[in-house]
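This is what each chain is made of:
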Amino acid sequence: LMRRCGAILEQLSSREEEARWFSTPLAAVPASAAVVPQPLDYGTVRRRLRDGVYGDEPLAFANDVRLVFDAALANHYSEAAPPRAAAKSALLAFERCFAAAMSAPVTETAAAAAAAAAAE
């Protein structure tokens with residue numbers, strides 16, 4: 001299951017228009033630190049996944065991915081602001097991919113599950 005999580009993260013990272021907002025912690029934006037004290041980014045989640053921080057717990061991975069988007073959603077951006085729009089779109093894509101990957105048969109490859117969910 002954790003390989004599927006890695007495939008999902010790569011799928012999110014490949015969505016360039018959205019991914020550029022989440023390649024570094026949004027705390028680099030001064031106002032974000034007060035709103036989200038420990039913001040995450042794709043690189044940190046990737047490193048935690050690689051280092052085995054999540055163990056065999058895909059839900060721990062999912063919680064961290066959701067936190068990646070919290071800074072953009074928690075800030076007082078207007079609905080049309082690029083970081084907020086990117087966060088909403090990426091979060092929706094993540095939820096679809098994650099649900100599909102977790103419900104797919106174990107014999108299905110992670111890449112196939114993530115790709116099928118992203119195509120929806």
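These numbers were taken from a predicted model, which means no experiment stands behind them.

Definitions and cut-offs
Residues numbered from 1 in each chain as written. Predicted model: local features only at pLDDT ≥ 70, side-chain atom pairs only at ≥ 80, totals over all residues. Heavy atoms only, no water. Helix = DSSP H or I, 4+ residues; strand = E, 2+ residues; numbered from the N terminus. Buried < 20%, exposed > 50% of the residue type's maximum accessible area, 1.4 Å probe, protein only. Contact = heavy atoms within 4.5 Å. Areas by Shrake-Rupley, 256 points an atom, 1.4 Å probe, with all protein chains shown as cover. Expected span 1.5 Å × (residues − 1). Bend = angle between axes of the 7 residues up to and from the residue.

Asker: Would you take a moment to explain the overall build of the chain for this structure?
Answerer: Each helix and strand counted, the chain has seven helices and zero strands in total. Secondary structure elements of the chain, listed N to C terminal, follow the sequence α-α-α-α-α-α-α. Burial analysis of the chain (120 residues in total) assigns 40% to the buried set. The long-range share in the chain, meaning contacts at least 24 apart out of those at least 6 apart in sequence, stands at 65%. Counting only carbon and sulfur atoms, one obtains 58% of the accessible surface of the chain, whose full area is about 6500 Å².

Asker: In this structure, what is going on with the environment of Leu-67? I would like to understand it.
Answerer: In this fold, Leu-67 is placed in helix 5 (residues 58–74). Sequence separation of Leu-67 and Pro-39 is 28 residues, and the distance between their C-alpha atoms is 6.7 Å.

Asker: What should I look at first to understand helix 6 (residues 82–103) in this one?
Answerer: One turn of an α-helix holds 3.6 residues; hence residues three or four places apart share an orientation. For helix 6, with 22 residues, the first-to-last C-alpha span of 32 Å sits near the 32 Å given by 1.5 Å per residue. Within helix 6, burial applies to Pro-83, Arg-84, Ala-86, Ala-87, Ala-90, Ala-93, Phe-94, Cys-97, Phe-98 and Ala-101.

Asker: Is there a simple way to think about helix 5 in this case?
Answerer: In this model helix 5 runs 24 Å from its N-terminal to its C-terminal C-alpha over 17 residues, within 8% of the 24 Å that 1.5 Å per residue would give. At Val-68, helix 5 shows its largest kink, close to 30°. Where helix 5 is buried, its residues contact helix 1 (2–13), helix 4 (42–50) and helix 6.

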